[in-house]
Amino acid sequence: MRRIKIAQIGTSETEHAIQVFRSLNSHPDVFDVIGYANVDQHSKPLHEVFNEHRRLTVDEILHISDLDAVVIECDENLQSHYAMLAAQRNLPMHLEKPCGDDDAAFNLLIDEVEKRKLLLHTGYMYRYNPAVQYALEAVKSGKLGEVYSVEAQMSCMQAPAMRRWLGNYRGGMMFYLGCHLVDLIMLFQGEPMAITPLNMTVTEDSAYGEDFGMALFRYPHGMSIAKTCGAEPGGFMRRQLVICGTKGTLEIKPLERLLGGDMVSTSIREHYVDENGACSWSNEGKLTVYEPYNRYDSMMLSFADMLRGKKENPYTPEYERALHRNVLRACGKIA
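Residues numbered from 1 in each chain as written. Predicted model: local features only at pLDDT ≥ 70, side-chain atom pairs only at ≥ 80, totals over all residues. Heavy atoms only, no water.

1. Quick notes on the environment of Tyr128
Our working rule: Helix and strand assignments come from DSSP, with helices taken as H or I runs of at least 4 residues and strands as E runs of at least 2, each series counted from the N terminus. Classification of residues uses two cut-offs on accessible area relative to the type maximum, computed with a 1.4 Å probe and protein chains only: under 20% is buried, over 50% is exposed, and between them is partly exposed. Pairs of residues are marked as contacts when any of their non-hydrogen atoms sit within 4.5 Å. The term polar contact refers here to a pair of N or O atoms within 3.5 Å; inside protein, the definition further demands a hydrogen-donor-capable atom paired with an acceptor-capable atom, and it admits residues adjacent in sequence only when both atoms are side-chain atoms.
Among the secondary structure elements, Tyr128 is positioned in the loop between β5 (120–122) and α5 (130–141). Given the relative accessible area of 7%, Tyr128 is considered buried. A sequence separation of 174 residues divides Tyr128 from Ser302, and the C-alpha atoms of the two residues are 8.7 Å apart. Apart from residues no more than four positions distant in its own chain, Tyr128 is found in contact with His121, Gln133, Ser298, Met299, Ser302 and Met306. Among the polar contacts listed, one links the side chain of Tyr128 to the side chain of His121, at a separation of 2.8 Å.

2. What about the nonpolar core?
Threshold: What makes a nonpolar core is a set of buried Ala, Val, Leu, Ile, Met, Phe, Trp, Tyr and Cys residues whose side-chain atoms join them at distances within 4.5 Å.
Ranked by size, the top nonpolar core spans 73 residues in total, and within it Ile6, Phe31, Phe188, Phe217, Leu241 and Ile243 carry the most contacts. Top contributing element to this core by residue count: helix α8 (residues 178–189), with seven residues. Ignoring any residue separated from it by four or fewer positions in sequence, one finds Phe217 in contact with Val182, Ile185, Pro192, Ala194, Ile195, Gly222, Met223, Ser224, Ala226 and Ala330. One finds Ile34, Ala37, Leu56 and Phe106 within the second-largest nonpolar core, a separate group that totals 28 residues.

3. What to know about the packing of aromatic side chains
Convention followed: Centres within 6.5 Å are what make two rings of Phe, Tyr or Trp a pair, Trp counting through its six-membered ring; a difference in plane orientation under 30 degrees is then read as stacked, over 60 as edge-to-face, and the rest as tilted. Our definition puts a charge over a ring when NZ of Lys or CZ of Arg is within 6 Å of the ring centre and also within 35 degrees of the ring normal.
Counted under the stated rule, the structure contains seven aromatic pairs. Each ring, one from Tyr36 and one from Phe50, has its centre 5.0 Å from the other, and the planes form 50 degrees; the classification is tilted. Separated by 14 residues along the polypeptide, Tyr36 in strand β2 (residues 31–37) and Phe50 in the loop between β2 and α2 (58–62) bring together distant segments of the chain. The residues Tyr36 and Phe50 share a single accessibility class, namely buried. Every member of this aromatic cluster is reached through a ring pair, and the members are Trp165, Tyr169, Phe175 and Tyr176. Geometry around Tyr315 places Arg127 over its ring, the cationic atom sitting 4.0 Å from the centre.

4. Regarding the state of the cysteines
Working definition: the covalent bond between the sulfur atoms of two cysteines is a disulfide. Worth spelling out the cut-off: To count as a disulfide, a pair of cysteine sulfur atoms needs to be within 2.5 Å.
A complete count under the given rule lists zero disulfides for this structure. Looking at Cys74, it has no disulfide partner, and the nearest cysteine sulfur is the one in Cys99, 11 Å off. What makes Cys74 buried here is its relative accessible area of 0%. For the unlinked cysteine Cys279, the closest cysteine sulfur is that of Cys244, found at 11 Å. A relative accessible area of 30% places Cys279 in the partly exposed class.

5. Quick look at the sheet that holds strand β16 (residues 293–294)
Put simply, the rule is: Note: two strands are recorded as paired if DSSP finds a minimum of 2 bridges between them.
What the three strands build is an open sheet, ordered β12-β13-β16; its pairing is antiparallel. Bordering the open sheet on either side are β12 (257–260) and β16, each of which pairs with just one other strand. Strand direction decides the pairing type here: β12 and strand β13 (residues 263–265), joined by three bridges, are antiparallel. Across the sheet, Gly260 pairs through a bridge with Met263, a residue of β13.

Now the structure itself:
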């Protein structure tokens, strides 16, 4: 089968440019990586992963006649711009989350993608976490009954320079990492009735951005919560997703365990009511541990399958439009 001819626009270390480019190159039987364009607003030396590849201009990439797809992994404030240029060249694309902070620009991109019937694949890698996939099937099958609450947390301990960088975007951590949580809540519960943002700065230096993010999501029969913090020691191991339904609860905690490099592991614990509608307080539930996997490979190989027509993208442009709007609502950027 012919390899997918692909190029990357962006090398930003604040995104997943390095990891995605490494994933593309680790599958030479699938991807033919033509090169990259460095468009990001930093002067640091490029990561070594780019060393042996051609450095191109964006114009050169967009005018490769037989290019199959492009990856957009640049700074957030540039993403919609370069994605639109790719769309206007009829190029399918993988676009880094959360797809910029300009709602009007992103809506124009979605309009263009829909008009041209292009594949738009976004970098929400937790969609490919096997425990999350299992949970989605459990909810879809009715195993959990009616879902009334999703509790999603994603925190870490960022360096001061990174926490200052958060000040470039309204909502700070809610924009940067909380976008994953908004996506997960919507996957399990759909469009919320209302979103209440509760973001703030918790570190002492007033130059820092909003490094603590929280948002409440109101649904007809329940409330969900997203919480993210960039100043939380041990926060990575407390990243979790809890889905509560009338018949059962699923807990993924932590969302991932780091195993070295880009390899991670995940597990899920299940609790269900019995035939009498009861669940013992001491019931530890059923624990399933999944085999280690590369969090970027599963995402990019799925993108390849979509490009080849082997699978359909379950995340439509309209879903991405609604998700982007709700991320910005959770950030307090739009009402």
